[in-house]
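Working through the structure, step by step
Chain by chain, the residues run as shown.
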There are 2 protein chains.
Amino acid sequence: MAEEKASKEGQDNVVFVGKKGTMAYVLAVVTQMNQGAKEVVIKARGKAISRAVDVAEIVRHKFITDADIKEIKTSTEEVTAEDGKPLKVSAIEIKLVKK
Amino acid sequence: MAEEKASKEGQDNVVFVGKKGTMAYVLAVVTQMNQGAKEVVIKARGKAISRAVDVAEIVRHKFITDADIKEIKTSTEEVTAEDGKPLKVSAIEIKLVKK
């Protein structure tokens, strides 16, 4: 599934949150910031949206306390369901920025 | 559970998203706006966060197309788990405003 891959989508420093455990994505964000990224965008769709918020909250409260949420955007994306029909899912983008 | 109630918390026009079906909360938001509310805040915690984003997206795309998301805030709240221990959960507040 598209949710599973660590997406680049023409944009650096994106962490795509899917079905793995929350800490896997926390580690991905922390690693990118510790390697010098000033900004990391956490993206998720559907039920993974709650996990994306957890990831952002855990990173900024426990690991990188000088990181802050600069912007949160939501949108509706159209994906193809398993039966081939189009399906609308909500999506979120959380932009974390190191001060 | 606290998630279940349609919370006021000293603030009018709040819809607290819990475990009911998404459309129950969509209806609550649409009703408030149709009764004259210019602004409705959709709140959720934990796994209900994804549903809160669905509610906001469905309201503004399908029902009240002149409504827009003005602000999204996330936070970490401490609740008491069933075993009595403190538990941290992520929370979201989505402010929908009618133009």
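Numbering of residues begins from 1 in every chain and follows the order in which that chain's sequence is written. In the order they appear in the text, chains get letters beginning with A and ligands get numbers beginning with 1. Note on the predicted model: pLDDT of at least 70 is required for a residue's local features to be given, and 80 or more for side-chain atom pairs to be given and counted; whole-chain, interface and lining totals, by contrast, use all residues. In computing side-chain properties, one takes all heavy atoms of the structure into account and sets aside hydrogens as well as water.

**Considerations on the overall build of chain A**
A tally of helices and strands in chain A yields two helices and four strands. Buried means the residue's accessible area, taken with a 1.4 Å probe over protein chains only, is under 20% of the maximum for its type, while exposed means over 50%, and partly exposed covers the values in between. Taking all 99 residues of chain A together, the buried fraction comes to 44%. Across chain A, contacts joining residues at least 24 apart in sequence account for 64% of those joining residues at least 6 apart. A total of about 5,500 Å² of accessible surface is found on chain A, and carbon and sulfur atoms cover 50% of it. Helix numbers and strand numbers start at the N terminus; a helix is a DSSP run of H or I with at least 4 residues, a strand a run of E with at least 2. Any pair of residues with heavy atoms lying within 4.5 Å of one another is described as a contacting pair. Computed with the Shrake-Rupley method and a 1.4 Å probe, the accessible areas treat only the protein chains shown as cover for residues.

**A few points about the confidence of the model for chain A**
All names here are of chain A. The score called pLDDT rates the predictor's confidence residue by residue, from a low of 0 to a high of 100. Averaged over all residues, the pLDDT of chain A equals 90, while 89% of them reach at least 70. Scored below 50 in pLDDT, residues 1-10 makes 17 contacts in the model with residues more than four places away or belonging to other chains. On the interface metric, ipTM, the complex scores 0.85, and its pTM is 0.86.

**Section: the interface of chain A and chain B**
Tallying the contact residues gives 17 residues for chain A and 17 residues for chain B. Here the quantity called buried area is the accessible surface, traced with a 1.4 Å probe, that two parts lose on coming together, added over both. Approximately 1,300 Å² of surface area, both sides summed, lies buried where chain A meets chain B, with 55% of it carried by carbon and sulfur atoms. Broken down residue by residue, the surface that chain A buries against chain B is led by Ser 50, Ile 72 and Thr 74 of chain A, which jointly contribute 37%. Distance and chemistry together define a polar contact, namely a pair of N or O atoms within 3.5 Å, with one atom able to donate a hydrogen and the other to accept it when in protein, and with adjacent residues in sequence counting only for side-chain atoms on both sides. Applying the counting rule to chain A against chain B returns 16 residue pairs in polar contact (both at pLDDT 80 or more). Secondary structure elements with two or more residues in the side of chain A that touches chain B: helix H2 (48-63), strand S3 (67-80) and strand S4 (86-98) of chain A. Residues belonging to the side of chain A that touches chain B are distributed by class as follows: six nonpolar, seven polar and four charged. Three categories are distinguished: nonpolar for Ala, Val, Leu, Ile, Met, Phe, Trp, Tyr, Cys and Pro, charged for Asp, Glu, Lys and Arg, and polar for the others, with Gly belonging to the last.

**A word on the pairing of strand S1 (residues 14-17) of chain A**
Residues and elements named next belong to chain A. Burial along S1 is two-sided: the residues Val 14 and Phe 16 and Val 15 and Val 17 are all buried. By this definition, two strands are paired if DSSP reports at least two bridges between them. Across four bridges, the pairing between S1 and strand S2 (residues 39-45) is parallel. Looking at S2, one finds that Val 17 is bridged to Ala 44. Seen with its strands pointing away from the viewer, a crossover is right-handed when the path leading from the first strand over the helix to the second is clockwise. Handedness of the crossover is the feature at issue here: the chain leaves S1, passes through helix H1 (residues 22-34), returns alongside S2, and the resulting connection is right-handed.

**As for the relation of the copies chain A and chain B**
Copies are brought into register by a least-squares superposition over C-alpha atoms of residues with pLDDT of at least 70 in both. Between the two copies, chain A and chain B, the superposition gives an RMSD of 0.0 Å; the rotation angle is 180 degrees and the shift along the axis is 0.0 Å. Read as a symmetry element, the transformation amounts to a two-fold axis. The position closest to the rotation axis in chain A is occupied by the C-alpha of Ser 50 of chain A, lying 2.6 Å away. Comparing contact sets, 100% of the residues at the interface of chain A also lie at the interface in chain B, consistent with an isologous, same-surface contact.

**Quick word on the packing of helix H1 (residues 22-34) of chain B against helix H2 (residues 48-63) of chain B**
Residue and element names in this part refer to chain B. Working convention: axes come from line fits to C-alpha atoms, limited for helices to the stretch in contact. Angles between N-to-C directions cover 0 to 180 degrees. Their axes nearest at 9 Å, the elements H1 and H2 cross at an angle of 55 degrees. With respect to H2, the element H1 is oriented oblique. Seen along the crossing, H1 lies across H2 with a hand that is right-handed. Residues Thr 22, Met 23, Tyr 25, Val 26, Val 29 and Val 30 of H1 touch H2, and the partners they reach there are Arg 51, Asp 54, Val 55, Ile 58, Val 59 and Phe 63. Of the residues assigned to the contact of H1 with H2, the class counts are nine nonpolar, one polar and two charged. In what follows, roughly perpendicular refers to angles from 65 to 115 degrees, roughly parallel to angles under 35, roughly antiparallel to angles over 145, and oblique to any angle outside these ranges. Note on convention: the crossing is left-handed when the near helix lies turned anticlockwise from the far helix by less than a right angle, right-handed when the turn is clockwise.

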